[in-house]
Amino acid sequence: MTYAEDAVKIALRKGATEAEVYMQNQTSLQVQFMGEDKDIKTVNSVGLGVRVALGKQLGLYSTSILSDNDVRKAVEMAIGIAKAAPEDEDWNHFNNRFGETSTS
């Protein structure tokens, strides 16, 4: 199971009527030239965003630190934000179409 799946399940168990999670995993190569020398670094960044609905109250929280504990905390923060948010009378639901993107 992935962090995203875990986050959705946790959110629903904690009372969210809807939950969605997005994840990002990006790798970049940094090359720095200093005269004859060069410095090459590979940088990997990851992130997870949680959006929840409690009826018509919405909350969003994201983190770039991914561990089981951090995912749980991100869900709890999103739910806390939703509880504190005013109801959005125009709210219907999250998008029902899901997809996956990839950059090459």
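This is a predicted model, so every value here is computed, not measured.

*Asks:* It is not clear to me how a nonpolar patch on the surface should be interpreted in this structure. Could you clarify?
*Replies:* A cluster of nonpolar side chains, contributed by Leu-29, Val-31, Phe-33 and Ile-40, occupies part of the molecular surface with about 430 Å² of accessible area. Broken down by element, the residue count for the nonpolar patch peaks at three residues, all from strand β1 (residues 18-34).

*Asks:* Hey, could you run me through the packing of helix α1 (residues 3-13) against helix α2 (residues 68-84) in this one?
*Replies:* Two measures define how a pair of helices packs: the angle their axes make with one another and the distance between the axes. Where α1 meets α2, the closest approach of the two axes is 9 Å, and the angle between their N-to-C directions is 40 degrees. The angle between the axes of α1 and α2 places the two elements in the oblique class. When you trace α1 past α2, the crossing you get is right-handed. Seen from α1, the contacting residues are Tyr-3, Ala-7, Ile-10 and Ala-11; seen from α2, they are Asp-68, Val-71, Arg-72, Val-75 and Ile-79. Residue composition of the contact of α1 with α2, grouped by class: seven nonpolar, no polar and two charged.

*Asks:* Even after reading the chapter, I still don't get the pattern of salt bridges, so can you show me in this structure?
*Replies:* Note on pairing: side chains with opposite charge can pair once their charged atoms come close. Applying the stated rule across the entire model yields three salt bridges. Here Arg-72 makes a salt bridge to Glu-76, at a shortest N to O gap of 2.9 Å. Remark: Glu-76 and Arg-72 occur in helix α2; sequence separation between them is four residues, near one turn of the helix. Judged by relative accessible area, Arg-72 falls into the partly exposed class, the value being 31%. Through salt bridges with shared partners, a single network forms among Lys-14, Arg-72 and Glu-76.

Analysis parameters
Residues numbered from 1 in each chain as written. Predicted model: local features only at pLDDT ≥ 70, side-chain atom pairs only at ≥ 80, totals over all residues. Heavy atoms only, no water. Patch = residues over 30% accessible without salt bridge, like charges linked within 9 Å, V, L, I, M, F, W, Y side chains within 5 Å. Areas by Shrake-Rupley, 256 points an atom, 1.4 Å probe, with all protein chains shown as cover. Salt bridge = Lys/Arg side-chain N within 4 Å of Asp/Glu carboxyl O. Helix = DSSP H or I, 4+ residues; strand = E, 2+ residues; numbered from the N terminus. Axes fitted to C-alpha atoms, helices over the stretch in contact; angles between N-to-C directions. Parallel < 35°, antiparallel > 145°, perpendicular 65-115°, else oblique. Left-handed = near helix turned anticlockwise from the far one by under 90°. Contact = heavy atoms within 4.5 Å. Nonpolar A, V, L, I, M, F, W, Y, C, P; charged D, E, K, R; others polar. Buried < 20%, exposed > 50% of the residue type's maximum accessible area, 1.4 Å probe, protein only.

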